[in-house]
Amino acid sequence: MSGPVLVGVDGSTTSMAAAEAAAREADRMGAELRLAYACAWPSASVTPGVAPWDPGGTRGHDAANRALAEAERRARRVAPGLRVTRTVLMGEPAAVLETESRRASLTVVGSRPAGRSGGGRRGSVATRLAGHGGSPVLMVRGGPDPTGPVVLVGDDGHLRRSAAEFAFGEAAARGADLLVLDGSAARSGRVQDRPRDPLAALRERYPDITVRRPRVRGGTRRAVIEASGFAQLVVVGARCRSGRTVVLPPTVGRAALRHAVCPVAVIPEEREPR
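Residues numbered from 1 in each chain as written. Predicted model: local features only at pLDDT ≥ 70, side-chain atom pairs only at ≥ 80, totals over all residues. Heavy atoms only, no water.

1. Overview of the pairing of strand β5 (residues 137-140)
Right, on to step 1. Burial along β5 is two-sided: the residues Val137 and Met139 and Leu138 and Val140 are all buried.
Right, on to step 2. Pairing of strand β4 (residues 106-110) with β5, which is carried by four bridges, proceeds in the parallel orientation. Across the sheet, residue Thr107 finds its bridge partner in β5, namely Val137.
Right, on to step 3. Pairing of β5 with strand β11 (residues 264-268) involves three bridges; the strand directions are antiparallel. Opposite Met139, over in β11, you have Val264 as the bridge partner. (Buried < 20%, exposed > 50% of the residue type's maximum accessible area, 1.4 Å probe, protein only. Helix = DSSP H or I, 4+ residues; strand = E, 2+ residues; numbered from the N terminus. Pairing = 2+ DSSP bridges.)

If you want it as structure tokens, here you go:
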């Protein structure tokens, strides 16, 4: 994909953290960073004399500009040479970001784990984008351990190629180990290369990355949530069903989105040509 890295900003602390994370990703990918502020239409009628593109009036327009300016400042602090564009989108945030994501290489949003103030609304945006967005999604939350591993999550022993490629790229960029949790029956802590296992080729491409694939005890869902407490990033693979619908692993993927305490990336599997 050659589109920009898209990040939703609303002036909150979590969205500013998302802008910084998005800047790092855009810099790593050599892509443009696109900052998007979504303005929901008010339930009441628009005030006479207020332009239709600014339902909040001057104060709403100023709030959008302030949030975008602060997000750009933080992004440039992370990646000074980055190309940055801004846009104000009209409509319900999840819906307009979903549409905008179809032109993006990656969509980044801020969130909080379930149970914390404000977490439900932002979490629902991330979940909707993960299921219906037009690009991979990075949900930024918590305080990731800068010395921890990147965690790659499989589905009942099956690792998806696009997710594995993303996880290896992230581990290389961060200088991190890769921890693979896929519910496989791998013995000891060594990687067991199997036919069609995407790790085999990727280990050759990234020989400096230490890959650990431990036996999962107590279920992959529990292991992923526990690992998120000492990880930099959790990467979950998903399969495409029809159109733009993405199907997450039924328990593991949803548990990561809802309960992980570090950033989570959901990477749809690209369809292979028949």
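The discussion continues.
2. Quick look at helix α7 (residues 220-227)
Right, on to step 1. Regarding α7, the residues found buried are Thr220, Ala223, Val224 and Ala227. Along α7, the residues classed as buried sweep out an arc of 100 degrees about the axis, all on the same side. (Arc of directions from axis to C-beta.)

3. Some words on the pairing of β4
Right, on to step 1. For β4, a buried count of five out of five residues is recorded, marking the element as mostly surrounded by other parts of the structure.
Right, on to step 2. Bridging between strand β1 (residues 5-8) and β4 involves three bridges; their strand directions are parallel. Following the sheet pairing, Val5 is matched in β4 by Leu106.

4. Overview of the packing of α7 against helix α8 (residues 252-259)
Right, on to step 1. For the pair α7 and α8, interaxial distance at closest approach is 9 Å and the crossing angle is 25 degrees. Here α7 is positioned roughly parallel relative to α8, judged by the angle of their axes. Of the two possible hands of crossing, α7 and α8 adopt the one that is right-handed. Counting all contacts with α7, which are made through Thr220, Arg221, Val224 and Ile225, the residues of α8 involved are Val252, Ala255, Ala256 and His259.
Right, on to step 2. For the contact of α7 with α8, the class distribution of residues is five nonpolar, two polar and one charged. (Axes fitted to C-alpha atoms, helices over the stretch in contact; angles between N-to-C directions. Parallel < 35°, antiparallel > 145°, perpendicular 65-115°, else oblique. Left-handed = near helix turned anticlockwise from the far one by under 90°. Contact = heavy atoms within 4.5 Å. Nonpolar A, V, L, I, M, F, W, Y, C, P; charged D, E, K, R; others polar.)

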